[in-house]
Amino acid sequence: MNRIPGDRHTGPTRRALLTAGAGAALAAESSGTATPTAAAGGLTPGVMTLFKDPGYNFNGLLALGASGAGAAEVGEVLTAVNTINGSGLSAQSYVKTFRALGDQLLKAPPGAPADTRTKQFRALRAAQYYGQALFFVLGSDDPGSEEQLYKAGRGAWDTFCDLCEPAPVKANVPYGSTPLPVWFFRPDTSGTPRPTVILTNGSDGQNVDMWTYGVPAALDRGWNALVYDGPGQGQLLFVDQVVFTPTWEKVVTPLVDWLAARPDVDPDRIALTGLSMAGDLAPRAAAFESRIAALVAMPGCLEPWLGFPPEIRQILTPDKQETNDIWNKEVVPELPPDAADVMKKRFEPFSIPAMLEARQGKLFTDFYTPATRIQALTITDVVGRIKAPTLVLDYEGEQFYPGQPRRMYDALTSPKDYLKLTAAEGAQLHCSPMAPQLHCEVVFDWLQKTLPDR
């Protein structure tokens, strides 16, 4: 691959180029970073701009949008936004404010002692706010608290699940030497065989996001829903220290085995969805796992590596030593602190050394290994193998994988549909952060039509 010349007098410096992409890079829930476009900035006018920085704003909108599913409270989020802006927007103020909000919600509310229902949804909101803090913790004054903060969010999520009626079945599904934690939600405990959706998260997403983007919608329609942590996600990343794998079918196949063995699952109606970067992972799995009866890519993504700005991609050469020399000698010395924080966050799901160094406030020195792992997620050569009916979602102002949903749709040979959600519906930007209810309506209406009752 070509790289940016080292002569700083021939054009913009690496520092200038990297700084230009840093804001939107922080916004990514997916694995990639992207340079903000005028279109994306214009798609959050007026009250949709919670923070001037587009990265923080995107995350804030995700929290606000989760209110419709009970996974946030409008007043809580907006009060946190005001507090952060009043203190001066930074990773530190963001983490401190949302972490304190999570801690507060695990205590009883004002007035009478909390009943079971109140405890349940306060724990769900706490999981959301801990997740908000977790996203930026590596740029805060205490990056070493990352695992502790993850565990706080996971504890709140488990508290919520234990109080659901019926509570989801918790299990560990075999996967190599590190099992996959799963939460199997059912409308009831009758044992009736039902259609089931496997909800696949992206990079840096938390279990609470899968609640917002699918569990209630599934249950309301009489479907089961499976939430899980795969490699590079949740427990497997932050605790077990297992990074993403390009062969996601090896993750999904054990899940399908586990589901198909249950009497309350209709094995002929198992669907798979993939949110954010999982718009790459889920299609990869469906290309090799023939028991997937329907697939939804949200959005369609063929090459996660293209989600990084070209000035980042051009660092990678075929030679490991050359690549790391460019990174350490030319890039790192000119990297602003905020851009360094972006790179720590973006690369940690692909490199345990990078994650552990980031927790010590250090920037990784091996760029080559995680970069090649991200490149390996490319699925352009296998998407044509997918046999399942597939819905490909796209979003007006898609910041991270622009053009890729349409490319995926065009490459599919299975029955297929393509739909772009728009600003006119309030559903613009990557994963429609302000409209997850509409998002679920579109996805589950399509699933119901594709896998109708028998």
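The numbering scheme is per chain: residues are counted from 1 as the chain's sequence reads. Residues qualify for local features only when their pLDDT is at least 70, as the model is predicted, and side-chain atom pairs are given and counted only at 80 or more; totals for whole chains, interfaces and linings, by contrast, use all residues. Hydrogens and water molecules were not included; the side-chain quantities draw on all heavy atoms of the structure.

(A) A look at the nonpolar core. Grouping buried Ala, Val, Leu, Ile, Met, Phe, Trp, Tyr and Cys residues that are joined through side-chain atoms within 4.5 Å yields what is termed a nonpolar core. Think of it in three bands: with a 1.4 Å probe and only protein chains considered, a residue is buried below 20% of the maximum accessible area for its type, exposed above 50%, and partly exposed in between. Formed by 149 residues in total, the largest nonpolar core has its most connected members in W157, F185, F367 and L447. Counting from the N terminus, the helices are the DSSP runs of H or I reaching at least four residues and the strands are the DSSP runs of E reaching at least two. Among the elements that take part in this core, helix α6 (residues 116–136) stands out by supplying 11 residues, more than any other. Setting aside residues no more than four positions away along its own chain, W157 makes contact with L124, A127, W183, F185, N207, V208, W211 and V227. Residues are treated as being in contact if the distance between any of their heavy atoms lies within 4.5 Å.

(B) Structural detail: the environment of T97. On the secondary structure map, T97 appears in helix α5 (residues 91–105). A sequence separation of 270 residues divides T97 from F367, and the C-alpha atoms of the two residues are 32 Å apart. Once you skip the residues sitting within four places of it in the chain, T97 turns out to touch A80, T83 and I84.

(C) Focus on the packing of helix α3 (residues 54–65) against α6. Simply put, an axis is a line fit to the C-alpha atoms, just over the touching stretch for a helix, and the angle between two N-to-C directions goes from 0 to 180 degrees. Following both chains from N to C, one finds α3 and α6 inclined at 165 degrees, their axes separated by 10 Å at the closest point. With respect to each other, α3 and α6 are oriented roughly antiparallel. Between α3 and α6 lies a crossing of right-handed hand. Facing α3, whose interface residues are G55, Y56, N59, G60, L62 and A63, α6 presents Q128, Q132, F135 and F136. Classes in brief: Ala, Val, Leu, Ile, Met, Phe, Trp, Tyr, Cys and Pro nonpolar; Asp, Glu, Lys and Arg charged; the others, Gly included, polar. When the residues that make up the contact of α3 with α6 are grouped by side-chain class, the tally is five nonpolar, five polar and no charged. Angles below 35 degrees are treated as roughly parallel, those above 145 as roughly antiparallel, those between 65 and 115 as roughly perpendicular, and all remaining angles as oblique. A clockwise turn of the near helix away from the far one marks a right-handed crossing, whereas an anticlockwise turn of less than a right angle marks a left-handed crossing.

(D) Up close: the side chain of R262. When you line up the elements, R262 lands in the loop between α11 (249–260) and β5 (265–275). Beyond its immediate chain neighbours, meaning those up to four positions away, R262 contacts V169, F184 and R186.

(E) Geometry of the sheet that holds strand β8 (residues 416–421). Here, any two strands with at least 2 DSSP bridges between them count as paired. Spatially, β1-β2-β4-β3-β5-β6-β7-β8 is the arrangement adopted by the eight strands of the open sheet, whose pairing is mixed. Each edge of the sheet is formed by a strand with only one pairing partner; in this case those strands are β1 (169–173) and β8. Each neighbouring strand pair of the sheet contributes to a mean axis angle of 20 degrees, computed without reference to strand direction. Here strand β7 (residues 390–395) pairs with β8 via six bridges, running parallel.

(F) Molecular detail of the packing of aromatic side chains. The pairing test for Phe, Tyr and Trp rings, Trp by its six-membered ring, is centres within 6.5 Å, and the orientation test on the planes gives stacked under 30 degrees, edge-to-face over 60, and tilted for anything in between. Taken as a whole, this structure holds 26 aromatic pairs when the rule is applied. The interplanar angle of 35 degrees and the centroid separation of 5.1 Å between the aromatic rings of W327 and F367 together place this pair among those described as tilted. Placement of the pair is W327 in helix α14 (residues 320–331) and F367 in the loop between α16 (352–359) and α17 (368–375), with a sequence separation of 40 residues. Side by side, W327 and F367 carry an identical accessibility label, which is buried. Aromatic pair F347 and F367: ring centres 5.2 Å apart, planes at 35 degrees, arrangement tilted. Here F347 is found in helix α15 (residues 337–347), whereas its partner F367 is found in the loop between α16 and α17, with 20 residues between them in sequence. Joined through ring pairs, the aromatic side chains of F51, Y56, Y94, F98, Y129, F135 and F136 make up one cluster. One Lys or Arg, K345, reaches over the ring of F135 and ends 5.4 Å from the middle of that ring. To sit over a ring, a charge needs its Lys NZ or Arg CZ within 6 Å of the ring centre and within 35 degrees of the ring normal. It is R406 that lies over the ring of Y418; its NZ or CZ is 4.7 Å from the centre.

(G) A look at the pattern of salt bridges. Just to be clear on terms, a salt bridge is a Lys or Arg side-chain nitrogen sitting within 4 Å of an Asp or Glu carboxyl oxygen. Within this structure, the stated rule accounts for 23 salt bridges. E249 is paired through a salt bridge with R284; the nearest N and O atoms lie 2.8 Å apart. Linking E249 in helix α11 with R284 in helix α12 (residues 278–288), this pair joins segments that are 35 residues apart in sequence. Note on accessibility: E249 and R284 belong to one class, buried. A salt bridge links R269 to D266, with the shortest nitrogen-to-oxygen separation between them at 3.0 Å. Each member of the pair, R269 as well as D266, carries the same accessibility label: buried. Ionic contacts of the salt-bridge type, sharing partners, join the residues E146, E147, K151 and R359 into one network.

(H) Quick look at the packing of helix α4 (residues 74–87) against α5. Put simply, α4 and α5 touch, their axes get as near as 9 Å, and they point 145 degrees apart. The way α4 lies across α5 gives a crossing that is right-handed. Residue-level contacts link E76, A80, T83, I84 and S87 of α4 to S93, Y94, T97, F98, L101 and L105 of α5. The residue makeup of the contact of α4 with α5, split by class, is six nonpolar, four polar and one charged.

(I) Main features of unusual backbone geometry. Note the cis peptide between E165 and P166, where omega equals -5 degrees. Position of P166 relative to the elements: it lies in the loop between α7 (146–163) and β1. Omega for the bond connecting M298 with P299 falls within 30 degrees of zero, at 0 degrees, which places this linkage in the cis form. Looking at the secondary structure, you find P299 in the loop between β6 (294–298) and α13 (310–313). At C431, a position not held by glycine, the phi torsion is positive, near 65 degrees. Considering the arrangement of structural elements, one finds C431 in the loop between β8 and α19 (436–450). On the basis of relative accessible area, C431 is assigned to the buried category, the value being 4%. Positive phi, normally seen in glycine, also occurs at S432, with a value near 50 degrees.

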